[in-house]
Amino acid sequence: MGNYILKVINLTKIYKTRRENEIKAVNNVSFNIKNGEIVGLLGPNGAGKTTIIKMICRLINSTKGNILYENDIKQKKRLNMAKNITCVLEGNRNVYWRLTVRENLEFLSIIKGYNPKKLKERIDYYIDFFNLRDKEHVIAGKLSQGMKQKLSIAASMVPPTKIVLLDEPTLGLDVKASYDMRKILKKIAEEENRTILITTHDMKVVQNVCNRIIIINQGQIIADDKINNLLHLFELKNYHFSIEGFITDEQRQLLNDIPHLEIKENDKNTEISVHIDKMSIFYRIVRVLENGGSIVKSIENSEIDFEKAYIEILGGIV
Amino acid sequence: MGGKWLLLKGFIKKERIEFSRYIFDTIVGIIVTLGLFLLLFYGISSLANNYNIGTTKSALVVGYGLFILYIGAYNSIADTIITEGKNGTLEQLYMSAYPFRWILIMKNIASSILGLILFVFIILITMLITGVSLNIDFFSVIPLAIITAPSFLGLGLIAGGLALVFKKVNGLLQILQFSILGFISLPISKSWVLRFLPGTLGTNMIQDIMVKSKNIFSFNFITYVELIGIGCFYLIIGSAIYNICEKVAMNKGSIGYY
């Protein structure tokens, strides 16, 4: 078990439809999360991310597989896990609109099994941490969307749980609120020694906050690595050729069948960007340019952001 | 037990806050409850103008009070699931450190405490308005009301379980509400079978205390065994059906999905 705080083993969820068809929402997914890791769970809509989160929280029964918390607490010990995992679910209010900010933090601590009187310092700390001090006695229903989301996350941070699950924390927020939320998440990542699993479509959250990424598609894991490794992998495979002048139609024809190759021309130069999975393709491009008499000014590894890497992983390049 | 006490205190505080924060809603609710009762009361009185219905009037006051008390207890469970589901907080309750059934029961107790206060208040006000005289022996009535409550808790768990699976169950909830009205008003003296309906025996005993001036010691030991047995039976049946429904909802992944 090592120092893993959460171990997901062969997790499978099959939904049976009325016509006796089966939908495999999650297919044999396994991963481990170390204490203190901040992991991004990514994937397109319907990939199975929220189903995994809900199975970890015991809101959905798995069809197969197991989820181990710490060393030996098995799936059946639901309540022990509940005391150590908090979760903010996407699309939900997660907080009581008729209660004030402070009342919400107190009541939701009780629900997690903690006496709010003993958590008074933590409650005050997180009210300041999330910049909610001036809204402390305002009922949640009157807060802006961004403030409500801050309150939801604050409520998940107040109980001293070891794992926090955040499902799409920036979804539905406007640009400013989304920016604020990313800052808050980055602060949490830097200052809190919590294990955090975030599902998101916001690549800025991924790049700024997460130190490891699990990409899931059609219920299966297709990549699981540190974010820097994934970016590095793409940097090594993405090349940018800068050519003086224009390439000929014949050269274009010869390069035409190379996948993921993009040719752009400006006033004086031609730029070729390509993602290659075999070095032979690299040499082929060089040969085509050389034989056609093109003058290559530079060949560089392309700068790549995580969004591009993510799309290419989903596209099946890696 | 400390944790459950904390949970109960938490729910009582939340109910109290919402009760006082939305005082207009609370007052309107009480006025509507009293208004409906007065319509019912004077309607029956005018229909039976030439008959001596003194006992019936008293029974009506007590029956209505009991209906308000138990409908609150019954509604609290299904209502918690439906309202919290719609509000998007049901999952937070499900991810609690306590079994969800405990959450429901504690919330139910918190609602019932307020319901009991409302029951006493409505009984006193209706007595004042209608001039009906009742035996106000709350020392006898309140313990009996508490022992009778598990039957309605059981019905609430059935309704809550069905709400968890089928989501839109308003029609069924209304049928059950009318059934509760029936269970409360049926006289057990008509048939021995009626005493085994949920809450019927207990509410008949309360009627006897308040209308016929009996007290808690007027009933024999066997009757109390029956009363407790009936309450346990419906609570166990309710819990079993709720468990099945919860498992179905968790397999379907539909908890909180409204």
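Provided above is the structure to which this section pertains.
A brief report on the enclosed structure follows. The structure displayed is predicted, hence computed values, not measured ones.

### Observations regarding the overall build of chain B
And then number 1: When helices and strands are tallied, chain B shows 9 helices and 0 strands.
And then number 2: Here the C-alpha atoms of chain B give a radius of gyration of 19 Å, agreeing with the 18 Å that 2.2 N^0.38 yields for 258 residues.
And then number 3: Referenced to the eigenvectors of the C-alpha coordinate spread, the extents of chain B come out at roughly 60 × 45 × 35 Å.
And then number 4: Residues classed as buried in chain B amount to 40% of the 258 residues present.
And then number 5: Considering only intrachain contacts with a sequence separation of at least 6, the fraction spanning at least 24 residues in chain B is 83%.

### Section: unusual backbone geometry
Residues and elements named next belong to chain A.
And then number 1: Its identity is not glycine, yet Arg-58 carries a phi of approximately 65°, on the positive side.
And then number 2: Along the polypeptide, Arg-58 turns up in the loop between helix H1 (49-56) and strand S4 (64-69).
And then number 3: Overall, the presence of 20 C-beta atoms within 10 Å leaves Arg-58 in the buried class.
And then number 4: The residue Gln-218 is not glycine, and still its phi comes out positive at about 50°.
And then number 5: For Gln-218, the location among the structural elements is in the loop between strand S8 (212-217) and strand S9 (220-226).

### Brief notes about the sheet that holds S8 of chain A
Residue and element names in this part refer to chain A.
And then number 1: An order of S5-S6-S7-S3-S8-S9 is seen for the 6 strands of this open sheet, with the pairing classed as mixed. Edge positions in the open sheet fall to strand S5 (85-88) and S9, since each of these has one partner strand only. Strand-to-strand, the axes of this sheet are offset by a mean angle of 15°, without reference to chain direction.
And then number 2: Two elements, strand S3 (residues 38-42) and strand S7 (residues 195-199), share 4 bridges in a ladder whose sense is parallel. Paired with Ile-38 across the strands is Ile-196, a residue of S7.

### Some remarks on the interface of chain B and chain A
And then number 1: Residue-level contacts link 24 residues of chain B with 26 residues of chain A.
And then number 2: Residue assignment for the side of chain B that touches chain A shows that the elements contributing at least two residues are helix H1 (2-21), helix H4 (90-94) and helix H9 (221-252) of chain B.
And then number 3: When residues of the side of chain B that touches chain A are assigned to their parent elements, the largest contribution, 8 residues, is made by H1 of chain B.
And then number 4: Grouping the constituent residues of the side of chain B that touches chain A by class yields 11 nonpolar, 9 polar and 4 charged.

### Description of the pairing of strand S1 (residues 4-16) of chain A
All names here are of chain A.
And then number 1: In this sheet, strand S2 (residues 22-34) lies alongside S1 in antiparallel orientation, the contact comprising 9 bridges. From the neighbouring strand, Tyr-15 faces S2, where its bridge partner is Ile-23.
And then number 2: Here 5 bridges tie S1 to S4, and the two strands are oriented antiparallel to one another. Considered in S4, the bridge of Val-8 is made with Ile-67.

Criteria and thresholds
Residues numbered from 1 in each chain as written. Chains lettered and ligands numbered in written order. Predicted model: local features only at pLDDT ≥ 70, side-chain atom pairs only at ≥ 80, totals over all residues. Helix = DSSP H or I, 4+ residues; strand = E, 2+ residues; numbered from the N terminus. Rg over C-alpha atoms; globule rule 2.2 N^0.38 Å. Buried ≥ 20, exposed ≤ 12 C-beta atoms within 10 Å, placed from the backbone. Contact = placed C-beta atoms within 7 Å. Pairing = 2+ DSSP bridges. Axes fitted to C-alpha atoms, helices over the stretch in contact; angles between N-to-C directions. Nonpolar A, V, L, I, M, F, W, Y, C, P; charged D, E, K, R; others polar.

That is the geometry; function is a separate question.
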